[in-house]
There are 2 protein chains.
Amino acid sequence: MQFQISQELVEHICNLIEEGRDDELLLYLEDVHHADIAEIINELELDQATYIIKLLDSTKTSEALMELEEDVRERILDNLSAKEIAEELENMDTDDAADIISELSEERKQEVIGQIIDEEHAEHIVELLRYDEDSAGGLMAKELVKVNENWSVTGCMAEMRAQAENVTRVHSIYVVDDKNKLKGRLSLKDLLTASSKANISDVYIENVDYVNVHTDGEEVARIMRKYDLEAIPVVDEMGRLVGRITVDDIMDFMREEAERDYQMAAGISEDVEADDSILHLTRARLPWLVLALFGGFISVTVLGTFDTAMQEHGALFFFVPLIAAMAGNVGVQSSAIVLQGLANKSLRGSLFNRLIKEVLLSLLNGFALAILLILGGIFFLGLDFWFGLTVSVSLVAVIIIASLIGTFVPIVLDKWGIDPAMATGPFITTSNDIFGILIYFTIAKVILGF
Amino acid sequence: MQFQISQELVEHICNLIEEGRDDELLLYLEDVHHADIAEIINELELDQATYIIKLLDSTKTSEALMELEEDVRERILDNLSAKEIAEELENMDTDDAADIISELSEERKQEVIGQIIDEEHAEHIVELLRYDEDSAGGLMAKELVKVNENWSVTGCMAEMRAQAENVTRVHSIYVVDDKNKLKGRLSLKDLLTASSKANISDVYIENVDYVNVHTDGEEVARIMRKYDLEAIPVVDEMGRLVGRITVDDIMDFMREEAERDYQMAAGISEDVEADDSILHLTRARLPWLVLALFGGFISVTVLGTFDTAMQEHGALFFFVPLIAAMAGNVGVQSSAIVLQGLANKSLRGSLFNRLIKEVLLSLLNGFALAILLILGGIFFLGLDFWFGLTVSVSLVAVIIIASLIGTFVPIVLDKWGIDPAMATGPFITTSNDIFGILIYFTIAKVILGF
């Protein structure tokens, strides 16, 4: 039952386009969902993609445009006139339209907005453009169904039906006063079961969750998830109802956030996909690698200062990657757990207690690993006792320091208002490499003396 | 407007419990949302938490139980009798009830199910327990609103209202035939605007997205996200409507998946939170560290075989952490991009083309870094030309190999049906450390000769 894109399907469409068989093409795509049309367009050449967008009705293409990969969409929009883009925007919800417009150049923006015929729609889009894209204001749409608290249930049914025509999905009906201040909500279920004689003020629920236009998107997601909401109203500084955020937009937002965090942890600094251009991928990957390279320079320098050890205790250098790897891994583990705690707001207790806990945890892990290291070192690698002791003691020390850095840095960054996700991946592995090596050789110097 | 938990609030509740002021406690918690009650319970001692669960009405506590942290819930359930648990389950949706029951021991399961009074509810729960928890069957609930295609719109309104009483939120009304086979759906919006004289078969939409009970949860999430669905019906092998999955359950599922992937990438093998016990955290963190330790042993051995280089070219060893770090970082970057492509099903083209692309990308990154390395090495570290060349050539080679491993391994694991997320984090950094060092010294041996 699921739509399945295939090479044959794409080729068939290419043929229809090339031979200009528009009627067949229209018929063929008539029952295809806009998300599937987007999937097809992603596979086409730019000219063919533009052809399809121009051919199909804009009620359908406006939705398909939203589902396209960003770079594909950008190139198609470059091929459309301001008037054609405006036509697409007329058929979009205000939040989607604002997203599209914000991708255009300043000059093009003006031009496109000027071409939108529906004055109110244009005003709404302009309003949405004012908000930060990751805030509730940037995520909300203007489309919603609202009724005045002073109306009667029967009296507002007609009005509501008219409003519902413009709203893709009715989640809640919001109740406002004469000044448009949010007072409460009505669910569709309530309406199904309410007496038609009642007054709105008798039946509406006063207790309604809402967010402010400036509320951060992650906080909106947390509230909607916690209270299982499918839509949340957004109010301005004066408590006036200005928009609503629906769960599908929040799902997309959550997914993008999760991908961004994951990529940040993997040392990728821009939102990229496997199919992006090599140049785009390089721009996303090279910065962290340069950082790691400079970190490498520091570790070269640190190791250079211990070159006197090479004469008698050359084998110490063989254990450098082992120590560095343990420091990096432990640091990433600690920082990942702290980061998730920060994101979920589930991090309780003081920083001091948390660091104490990390020390205990590291001691436990460290001793287990030290025993394995001594056994492995003596039996498999044939180390002598003092040497084995040096490496083991260093390992425990390195694990403790690495876990403290991994715990401390994200918490402090978060307190300073910097995204703590910065403190994971390459950053933590690089700094822990350096500290790990420094600690290792310092301890070796004390125990072995060189 | 948002509920904000505080030390004072928790203390106030503790006092009310200790002094046995039940009436005040009930009054105080009356208007508190169940998700907020769960937040409060997470902060309480076990005895106090159990006290609140027993005191409050089970319509409220059943919902609060679902929002609790898993280990807190487990301990509370241990304190409740089978009858008390059964009472909570009676008030839960079937999917939640099945989740709770599956956390109990086999013996307790039987006992609790036997105590559920509503026979149909018990049957539904037992049915849900049969499915894998990450499949559509394991995610769905039995609660839904359905109508027969042969009914008239007016005739089914009463029936629908009765059904809607048992369903927290009505998303779609599903249309089935006499054999309960899914035929289509009706939206509430359609009902708002439909003529009451029409027949169901005249007004319903035939084109309905659905999934099979065995569909994987990630696939369900992908479909719901792609088509912006708020609920999706689930059918069995014979196309009969057996349940539905709502968007809030899928949001929770997506979040858990994202956390699991993130933790896997960070070398954490069990679902843990910062506030779990040290033993639990050790169990999650130690396995990957042990793997990294064994990887370390291998790199010690590899380095040991090149010990003849130490006499004349000791400085080679100073660059080991730099080379290993670059190999690790590049590998993690490549694998992360491939993993996200696999998860989004956006990975197109052949494996061979993908590997070619990685080679080109690595050449670009590698040359940029090699130039930086030569400049930095000669000016800051005072290397001679041949030595600088050795390290630079090795760096380019290591970056190419590391990115190929990072790309190849997850794709192959995925083809073999193994979770490709295994192939990131510690696994990729450890193996790339070893390969990186091996390549580095082999190239050094060729250029410098030792």
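Residues numbered from 1 in each chain as written. Chains lettered and ligands numbered in written order. Predicted model: local features only at pLDDT ≥ 70, side-chain atom pairs only at ≥ 80, totals over all residues. Heavy atoms only, no water.

K.L.:
So what about the overall build of chain A? Which residues, and what values?
P.N.:
Counting secondary structure elements, chain A contains 22 helices and six strands. Each principal axis of the C-alpha distribution contributes one length, and for chain A these read about 90 × 65 × 45 Å. Scored against the burial criterion, the 450 residues of chain A give a buried share of 56%. When contacts within chain A are restricted to residue pairs at least 6 apart in sequence, those whose partners lie at least 24 apart make up 66%. (Helix = DSSP H or I, 4+ residues; strand = E, 2+ residues; numbered from the N terminus. Buried < 20%, exposed > 50% of the residue type's maximum accessible area, 1.4 Å probe, protein only. Contact = heavy atoms within 4.5 Å.)

K.L.:
Let's hear about the environment of Leu104(B): which residues, and what values?
P.N.:
All names here are of chain B. Within the fold, leucine 104 resides in the loop between helix 8 (94–102) and helix 9 (106–115). Considered as a pair, leucine 104 and leucine 355 are 251 residues apart in the sequence and their alpha carbons are 48 Å apart. Beyond its immediate sequence surroundings of up to four residues, leucine 104 is in contact with Leu77, Lys109 and Val112.

K.L.:
Outline the packing of helix 20 (residues 351–379) of chain A against helix 17 (residues 278–305) of chain B, supporting the account with residue identities and numerical values.
P.N.:
It is at 10 Å that the axes of helix 20 of chain A and helix 17 of chain B come closest, and there the two elements cross at 35 degrees. Where helix 20 of chain A crosses over helix 17 of chain B, the handedness of that crossing is right-handed. Packed against helix 20 of chain A, whose contacting residues are Lys357(A), Glu358(A), Leu360(A), Leu361(A), Leu364(A), Asn365(A), Ala368(A), Leu369(A), Leu372(A), Leu373(A), Gly376(A) and Gly377(A), the element helix 17 of chain B presents Ile278(B), Leu279(B), Leu281(B), Thr282(B), Arg285(B), Leu286(B), Leu289(B), Val290(B), Leu293(B) and Phe297(B) at the interface. (Axes fitted to C-alpha atoms, helices over the stretch in contact; angles between N-to-C directions. Left-handed = near helix turned anticlockwise from the far one by under 90°.)

K.L.:
Explain the domain arrangement of chain A to me, using residue names and the numbers behind them.
P.N.:
Each assigned domain of chain A is listed with its residue range as follows: domain 1 (7–135), domain 2 (145–258) and domain 3 (278–448). Taking the mean C-alpha position of each, domain 2 of chain A and domain 3 of chain A sit 50 Å from one another. (Domains from an automatic or database assignment.)

K.L.:
Can you lay out the UniProt feature "transmembrane region" (unreviewed entry) in chain A for me, pointing to particular residues and giving the numbers?
P.N.:
All names here are of chain A. The UniProt record marks residues 286–306, 318–339, 359–380, 386–413 and 425–448 with the feature "transmembrane region" (unreviewed entry), using the residue numbering of this structure. Annotation note: span residues 318–339, helix share 91%, strand share 0%, distance between end C-alpha atoms 33 Å. Secondary structure within residues 359–380 divides into 95% helix and 0% strand; the distance between the first and last C-alpha atoms comes to 30 Å. (UniProt positions renumbered as here; feature names shortened; annotations may be inferred.)

K.L.:
Just give me the short version of the interface of chain B and chain A, but keep the residues and values in it.
P.N.:
Facing 120 residues of chain B, the contacting portion of chain A comprises 120 residues. Summed over both sides, the interface of chain B with chain A buries roughly 10,900 Å², with 63% coming from carbon and sulfur. Applying the counting criterion to the chain B and chain A interface returns six salt bridges. Here Lys226(A) makes a salt bridge to Glu39(B), at a shortest N to O gap of 2.7 Å. In this assembly, chain B and chain A are joined by 14 residue pairs in polar contact (both at pLDDT 80 or more). Broken down by element, the side of chain B that touches chain A gets its largest block of residues, 18 residues, from helix 17 of chain B. In terms of residue class, the side of chain B that touches chain A is made up of 63 nonpolar, 27 polar and 30 charged. (Buried area = accessible area lost by both parts, 1.4 Å probe. Salt bridge = Lys/Arg side-chain N within 4 Å of Asp/Glu carboxyl O. Polar contact = N/O pair within 3.5 Å; in protein donor to acceptor, adjacent residues only side chain to side chain. Nonpolar A, V, L, I, M, F, W, Y, C, P; charged D, E, K, R; others polar.)

K.L.:
Which residues make up the relation of the copies chain B and chain A, and what are the values?
P.N.:
Screw-axis analysis of chain B against chain A gives a translation of 0.1 Å along the axis, an RMSD of 0.2 Å, and a rotation angle of 180 degrees. These values place the two chain copies in the arrangement generated by a two-fold rotation axis. (Least-squares fit on C-alpha atoms with pLDDT ≥ 70 in both.)

K.L.:
Before we move on, can you summarise the sheet that holds strand 2 (residues 172–176) of chain A with the specific residues and values?
P.N.:
Strands pair in a sheet through their backbones, by hydrogen bonds, and they do so in one of two ways: parallel or antiparallel. Residues and elements named next belong to chain A. Read across the sheet, three strands follow the order 1-2-3 without closing on themselves; strand pairing throughout is mixed. Strands at the two margins of the open sheet, each flanked by one partner only, are strand 1 (145–148) and strand 3 (182–187). Strand-to-strand twist of the sheet, defined as the mean angle between neighbouring strand axes without regard to direction, takes the value 35 degrees. (Pairing = 2+ DSSP bridges.)

K.L.:
Pulling in residues and values, what's your account of empty space enclosed by the protein?
P.N.:
Inspection of the entire model under this criterion finds seven cavities of 30 Å³ or more. Approximately 490 Å³ is the volume found for the largest cavity. Surrounding the largest cavity, 33 residues form its lining, Val332(A), Thr429(A), Asn329(B), Val332(B) and Thr429(B) being those nearest its centre. Of all the secondary structure elements, the ones that give two or more residues to the lining of the largest cavity are helix 16 (247–265), helix 19 (320–344) and helix 22 (426–448) of chain A together with helix 16 (247–265), helix 20 (320–344) and helix 23 (426–448) of chain B. For the lining of the largest cavity, the leading source of residues is helix 19 of chain A, giving seven residues. Taken together, the residues of the lining of the largest cavity sort by class into 17 nonpolar, 14 polar and two charged. Taken as a whole, the second largest cavity encloses approximately 80 Å³ of empty space. (1 Å grid on protein atoms, 1.4 Å probe; cavity = no way out; pocket = protein on both sides within 12 Å on 5 of 7 lines; lining within 4 Å. Points joined across faces, edges and corners; volume = space filled by probe spheres on them.)

K.L.:
I'd love a proper account of the side chain of Gln340(B), names of residues and values included.
P.N.:
Topologically, Gln340(B) is positioned in helix 20. For Gln340(B), a relative accessible area of 11% corresponds to the buried category. Among residues more than four places away in sequence, those in contact with Gln340(B) are Glu259(A), Tyr262(A) and Gln263(A).

K.L.:
Can you break down the sheet that holds strand 5 (residues 231–235) of chain A residue by residue, with the values?
P.N.:
Residues and elements named next belong to chain A. Strand order in the open sheet made by the three strands is 4-5-6, with mixed pairing throughout. Looking along the sheet, the strands with just one partner apiece sit at the ends: strand 4 (211–212) and strand 6 (241–246). Inspection of the sheet shows strand 4 paired to strand 5 by two bridges, in the parallel sense. Pairing of valine 211 across the sheet is with valine 234, part of strand 5. Its contacts with the sheet put helix 15 (residues 217–226) on strand 4, strand 5 and strand 6, and the angle it makes with strand 5 is roughly 135 degrees.

K.L.:
Outline the pattern of salt bridges, listing residues and values.
P.N.:
Counted under the stated rule, the structure contains 28 salt bridges over all chains. Here Asp36(B) ties to Lys226(A) by a salt bridge, and the two come within 2.7 Å at their closest N and O atoms. In this pair, Asp36(B) sits in helix 3 (residues 34–43) while Lys226(A) sits in helix 15, so the two residues belong to two different chains. Across the pair, Lys226(A) and Asp36(B) agree in class, each one buried. Salt bridges sharing partners connect three or more residues here, namely Glu19(A), Arg21(A) and Glu24(A).

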